[in-house]
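Listed here are the chains, written in short residue letters.
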Amino acid sequence: MKKLVSLCLVVAAAVTSSLAQESIVAQINYNQLEKYIESAQKNYPRKQIFAQNTEVARNNVPIAQVSYLDILNASYIYRPDDATAINMVNPYVVNGFQFGVSLNVGNFLQKPFEVKKAKAELKVAQLEEKEYESVLANEVKTRYYNYIYHLNELKLRTQAAQDNKTVADDLRYKFEKGEITLQGYNTARVSSTGSSSDRIQAELEFLKAKDALEQIIGKKLEEVN
């Protein structure tokens, strides 16, 4: 009878092994993966931070260019036509409007470097954003592959649990009829319990992988189409 129990367990293991041999690579949907990456590029907060930094740097370039006007100071003084020639408050000899423009030479020499710096900062921000796009895409792929792995692991453990339960139920029937010993039945029951525990653990790992993927793409998987 021990041989019968062992044979049943071997058959269940063989069915499980055949499922394990299915290629995970063949189950990867690359079109869906690209949609997940696009969703992450659009929704993931850290990616948006890099995009905003680039936008700020882009706006700083025209601001630096326009700041050339800061080095010029224009002023005017008005002296009425009927004012006296000697006036301590307005000591100018020419009546009417008088205009003046002053140039800050130090600031003038700094402006080209400030514009160049703003353009360099924009370039750096663009490169950082592009680099993070690549990092983010790789992270989405990693989480997607992990999700597929745990999905298949769950299928495998679920099938194993079902097979072992079928074997255990069959051997319980045989035990009740006195066809096998208690030890033989207990062996199958322990195996069935272990498979059920493995299935529960696989469910937990699958849910964690699914949550991790949804967290980075910013949507539920069912919402990405």
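Please explain the packing of helix H2 (residues 30–43) against helix H3 (residues 45–66) as it appears in this structure.
Between two packed helices, the angle of one axis relative to the other and the distance separating the axes together describe the packing. The N-to-C vectors of H2 and H3 enclose an angle of 55°; their axes lie 6 Å apart at closest approach. Compared by their axis directions, H2 and H3 come out oblique. Contact with H2, carried on its side by Ala-40, Gln-41, Lys-42 and Asn-43, involves Pro-45, Lys-47 and Gln-48 of H3 and no other residues of that element. Among the residues forming the contact of H2 with H3, the class breakdown is two nonpolar, three polar and two charged.

Explain the packing of aromatic side chains here, please?
The geometry of an aromatic ring pair is captured by two quantities: the separation of the ring centres and the angle between the planes. A complete count under the given rule lists four aromatic pairs for this structure. Among the aromatic residues, ring-to-ring pairing joins Tyr-36, Tyr-144 and Tyr-145 into one connected group. When the ring centre of Tyr-132 is taken as reference, the NZ or CZ atom of Arg-46 above it lies at 5.5 Å.

So what exactly am I meant to see when it comes to the side chain of Thr-54 here?
Residue position: Thr-54 is located in helix H3. For Thr-54, a relative accessible area of 3% corresponds to the buried category. Among the polar contacts made by the side chain of Thr-54, one reaches the side chain of Glu-129 at a distance of 2.8 Å. Non-local contacts of Thr-54, meaning those with residues more than four positions away in its chain, are made with Leu-122, Ala-125, Gln-126 and Glu-129.

I'm lost on the pattern of salt bridges in this one. Help?
Oppositely charged side chains are able to pair whenever their charged atoms sit close together. Applying the stated criterion across every chain yields a total of eleven salt bridges. A salt bridge links Arg-143 to Glu-139, with the nearest nitrogen and oxygen atoms 2.8 Å apart. Taken together, the residues span about one helical turn, with Arg-143 and Glu-139 both in helix H4 (residues 105–176) at a distance of four residues. On the basis of relative accessibility, which here comes to 31%, the residue Glu-139 falls in the partly exposed class. As a salt-bridge pair, Lys-208 and Glu-205 come within 3.7 Å of each other at their nearest N and O atoms. Residue Lys-208 and its partner Glu-205 are located together in helix H5 (residues 182–217), separated by three residues, close to a single helical turn. The exposure class of Lys-208 is partly exposed, given its relative accessible area of 47%. According to the relative accessible area criterion, Glu-205 is partly exposed, its value standing at 23%. Linked by salt bridges that have partners in common, Lys-210, Glu-214, Lys-220 and Glu-222 make up one network.

What am I meant to see in a nonpolar patch on the surface here?
On the surface, a nonpolar cluster with roughly 310 Å² of combined accessible area is contributed by Val-25, Tyr-30 and Tyr-145. Its place among the elements puts Tyr-30 in helix H2.

Teacher, can you tell me more about the nonpolar core here?
When a protein is soluble and globular, its nonpolar side chains tend to lie buried together. One finds Tyr-36, Val-140, Tyr-144, Tyr-147, Leu-213, Ile-216 and Ile-217 to be the most contacted residues of the largest nonpolar core, which totals 23 residues. Counting residues per element, this core draws most heavily on H4, at eight residues. Apart from residues lying up to four places away in sequence, Tyr-36 is in contact with Val-140, Tyr-144, Leu-213, Ile-217, Leu-221 and Val-224. Counting seven residues, the second-largest nonpolar core is a separate cluster that includes Ala-57, Val-61, Ala-64 and Ala-118.

Analysis parameters
Residues numbered from 1 in each chain as written. Predicted model: local features only at pLDDT ≥ 70, side-chain atom pairs only at ≥ 80, totals over all residues. Heavy atoms only, no water. Axes fitted to C-alpha atoms, helices over the stretch in contact; angles between N-to-C directions. Helix = DSSP H or I, 4+ residues; strand = E, 2+ residues; numbered from the N terminus. Parallel < 35°, antiparallel > 145°, perpendicular 65-115°, else oblique. Contact = heavy atoms within 4.5 Å. Nonpolar A, V, L, I, M, F, W, Y, C, P; charged D, E, K, R; others polar. Phe/Tyr/Trp six-rings, centres within 6.5 Å; stacked < 30°, edge-to-face > 60°. Lys NZ or Arg CZ within 6 Å of the ring centre and 35° of its normal. Buried < 20%, exposed > 50% of the residue type's maximum accessible area, 1.4 Å probe, protein only. Polar contact = N/O pair within 3.5 Å; in protein donor to acceptor, adjacent residues only side chain to side chain. Salt bridge = Lys/Arg side-chain N within 4 Å of Asp/Glu carboxyl O. Patch = residues over 30% accessible without salt bridge, like charges linked within 9 Å, V, L, I, M, F, W, Y side chains within 5 Å. Areas by Shrake-Rupley, 256 points an atom, 1.4 Å probe, with all protein chains shown as cover. Core = buried A, V, L, I, M, F, W, Y, C linked by side-chain atoms within 4.5 Å.

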